[in-house]
Amino acid sequence: MPPRGRAGLRHRLRRRPPRNPLPFPTLVAAAQATERLRVGTLVLNAPFWNPALLAREIATTDLLTGGRLEVGLGAGHMKWEFDEAGIEWQSFDERADQLEALIAELTELFGSDGYEQQAVLRENFGLPALRPVQRTGFGGFGPPLIVGGTGDRILEIAGRTADVIGVAGVLQIPGQPPGTFRIVTAAETDERVRYAREQAGERAGEVEWQALAQAAVVTDDRRSAAEEFLARSGSTMAVDELLEMPFVFIGTIEQMADQVLRNYERYGFTYYAIHGPYKDAFAPVIERVRATSS
């Protein structure tokens, strides 16, 4: 008879089957179905991963996608994900430490010449060490690295290590359960981008700046749609504040395209991630920006 802990775990997994597919096979499948599409993770929770095994996953996926992989890593902010996986929920500082350590270990593994124990085998059979195709991120040894957030510690890590620095556009509400957020204002975004640029130092002009768009709503009546959005989200933000901030897009395609261009001038954002339900609404915005900028 197995230990009670294992029996309990099996029972829990039967009651709560995984809701999301494994990331790396999914990315390979997406890349196989396309020719130019870049694929990536946004983001992997660092405490979930063994560095050596993650390095193998990343290198293999970069090979199979023809060098189209981008790797997003984070400290994890949804406690329930840790609970369901049976992984200890540690303090934020401890999770941030794990993120920083994981990036350092992946950098070392990608920069090495494989495992010494396999050197003779590789030489005898002419097998190369498993390495990523791309040599841009992770100190020039791996795929582009994405790190993003809004807190000081994560932006510090991103400033030192990331090729793409993401600004999430939300802040944890103090005193509320982990993962309870509010949308940041334009002024708060100014301050967060400024702080992130300071952390990046001389790299600030070389990295790419990413914004995580929270919504895209196509409408001819911006103010009414903004009022409805605020009512649904329970936010106390004023309508004018919502329409100024860079992470929610409300308006016609032309108005949202203009907002993308204003965001670039004000914050430097050139890379947008958007939640799945809004991707179809946002796609014409990108097409409009390209047409305007060409």
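Residues numbered from 1 in each chain as written. Predicted model: local features only at pLDDT ≥ 70, side-chain atom pairs only at ≥ 80, totals over all residues. Heavy atoms only, no water.

Engineer: Help me understand the overall build of the protein chain in this model?
Structural biologist: When helices and strands are counted, the protein chain shows 12 helices and 11 strands. In terms of overall size, the protein chain behaves like a compact globule, its C-alpha atoms giving a radius of gyration of 21 Å where 294 residues would be expected to give roughly 19 Å. For the C-alpha atoms alone, the extent of the protein chain along its principal axes is close to 70 × 55 × 40 Å. Counted over contacts in the protein chain with a minimum sequence separation of 6, partners at least 24 positions apart contribute 66%. Taken as a whole, the protein chain presents about 16,500 Å² of accessible surface, with 53% of it coming from carbon and sulfur. In the protein chain, 32 side chains carry a positive charge and 39 a negative one; their mean positions are 8 Å apart. (Helix = DSSP H or I, 4+ residues; strand = E, 2+ residues; numbered from the N terminus. Rg over C-alpha atoms; globule rule 2.2 N^0.38 Å. Contact = heavy atoms within 4.5 Å. Areas by Shrake-Rupley, 256 points an atom, 1.4 Å probe, with all protein chains shown as cover. Lys, Arg positive; Asp, Glu negative; His and termini not counted. Charge placed at Lys NZ, Arg CZ, Asp CG, Glu CD.)

Engineer: Honestly, helix H7 (residues 152–161) in this entry has me stumped. Any pointers?
Structural biologist: Along an α-helix, residues three or four apart share an orientation, since each turn contains 3.6 residues. Listed in full, the buried residues belonging to H7 are Arg-153, Ile-154, Leu-155, Ile-157, Ala-158 and Gly-159. On its buried side, H7 packs onto helix H5 (92–111), strand E4 (145–149), strand E5 (164–167) and helix H8 (186–200). (Buried < 20%, exposed > 50% of the residue type's maximum accessible area, 1.4 Å probe, protein only.)

Engineer: For this particular structure, what's the right way to read the packing of helix H11 (residues 253–267) against helix H12 (residues 279–293)?
Structural biologist: Geometrically, a packed helix pair is captured by the angle between its two axes and the distance between the axes. Axis separation between H11 and H12 bottoms out at 8 Å; the angle between their running directions is 65°. Along this stretch, H11 crosses H12, giving a crossing that reads as right-handed. Contacts between H11 and H12 involve Ile-253, Glu-254, Met-256, Ala-257, Val-260 and Leu-261 from the first element and Ala-281, Phe-282, Pro-284, Val-285, Arg-288, Val-289, Thr-292 and Ser-293 from the second. Partitioned by chemical class, the residues of the contact of H11 with H12 number 10 nonpolar, two polar and two charged. (Axes fitted to C-alpha atoms, helices over the stretch in contact; angles between N-to-C directions. Left-handed = near helix turned anticlockwise from the far one by under 90°. Nonpolar A, V, L, I, M, F, W, Y, C, P; charged D, E, K, R; others polar.)

Engineer: Can you help me understand a nonpolar patch on the surface in this one?
Structural biologist: A surface patch of nonpolar side chains, amounting to about 350 Å² of accessible area, comprises Leu-63, Leu-64, Leu-130 and Val-133. As for its position among the elements, Leu-64 is in helix H3 (residues 51–64). (Patch = residues over 30% accessible without salt bridge, like charges linked within 9 Å, V, L, I, M, F, W, Y side chains within 5 Å. Salt bridge = Lys/Arg side-chain N within 4 Å of Asp/Glu carboxyl O.)

Engineer: Sorry if this is basic, but what is going on with the pairing of strand E3 (residues 69–74) here?
Structural biologist: Here is the key point about a regular strand: its side chains alternate between the two faces of the sheet. Of all six residues in E3, six are buried; the element is thus mostly enclosed. The alternating pattern of E3 places Leu-69, Val-71 and Leu-73 on one face and Glu-70, Gly-72 and Gly-74 on the opposite face, and all of these are buried. Two strands pair when backbone bridges link them, and strand E1 (residues 39–40) and E3 are joined in this way by two bridges, in the parallel orientation. When the sheet's bridge partners are listed, Gly-40 is paired in E3 with Glu-70. Handedness of the crossover is the feature at issue here: the chain leaves strand E2 (residues 44–45), passes through H3, returns alongside E3, and the resulting connection is right-handed. In this structure, E3 lies alongside E4, joined through two bridges in parallel fashion. Considered in E4, the bridge of Gly-72 is made with Ile-146. (Pairing = 2+ DSSP bridges. Right-handed = clockwise from strand over helix to strand, strands pointing away.)

Engineer: Please clarify how the environment of Glu-265 should be interpreted in this entry.
Structural biologist: Residue position: Glu-265 is located in helix H11. Residue class for Glu-265 comes out exposed when judged on its relative accessible area of 64%. As for Glu-265 and Ile-58, which are separated by 207 residues in sequence, their C-alpha atoms are 34 Å apart.

Engineer: How do you make sense of the pattern of salt bridges when you look at a structure like this?
Structural biologist: Side chains bearing opposite charge may pair, as long as their charged atoms lie close to each other. Taken as a whole and judged by the stated rule, the model has 14 salt bridges. One salt bridge connects Asp-97 with Arg-153, and the closest N-O pair in it is separated by 2.6 Å. Taken together, the residues Asp-97 in helix H5 and Arg-153 in helix H7 connect sequence positions 56 residues apart. Among the residues examined, Arg-153 registers a relative accessible area of 18% and is labelled buried. One salt bridge connects Arg-266 with Asp-190, and the closest N-O pair in it is separated by 2.6 Å. In this pair, Arg-266 is assigned in helix H11 and Asp-190 in helix H8, connecting sequence segments 76 residues apart. Several salt bridges share partner residues, and in doing so they unite Asp-152, Glu-191, Arg-192, Arg-194 and Glu-198 into one network.

Engineer: Is there a simple way to explain the packing of aromatic side chains in this structure?
Structural biologist: Ring pairs (aromatic) are described by centroid distance and by the angle formed between their planes. Enumeration according to the criterion identifies 10 aromatic pairs in this entry. Taken together, a centroid distance of 5.3 Å and an interplanar angle of 80° make the contact between Phe-110 and Phe-138 edge-to-face. With Phe-110 in helix H5 and Phe-138 in the loop between helix H6 (119–125) and E4, this pair connects stretches of sequence that are 28 residues apart. Three or more aromatic residues joined by ring pairs make a cluster, and in this case those are Phe-247, Phe-249, Tyr-267, Phe-269, Tyr-272 and Phe-282. (Phe/Tyr/Trp six-rings, centres within 6.5 Å; stacked < 30°, edge-to-face > 60°.)

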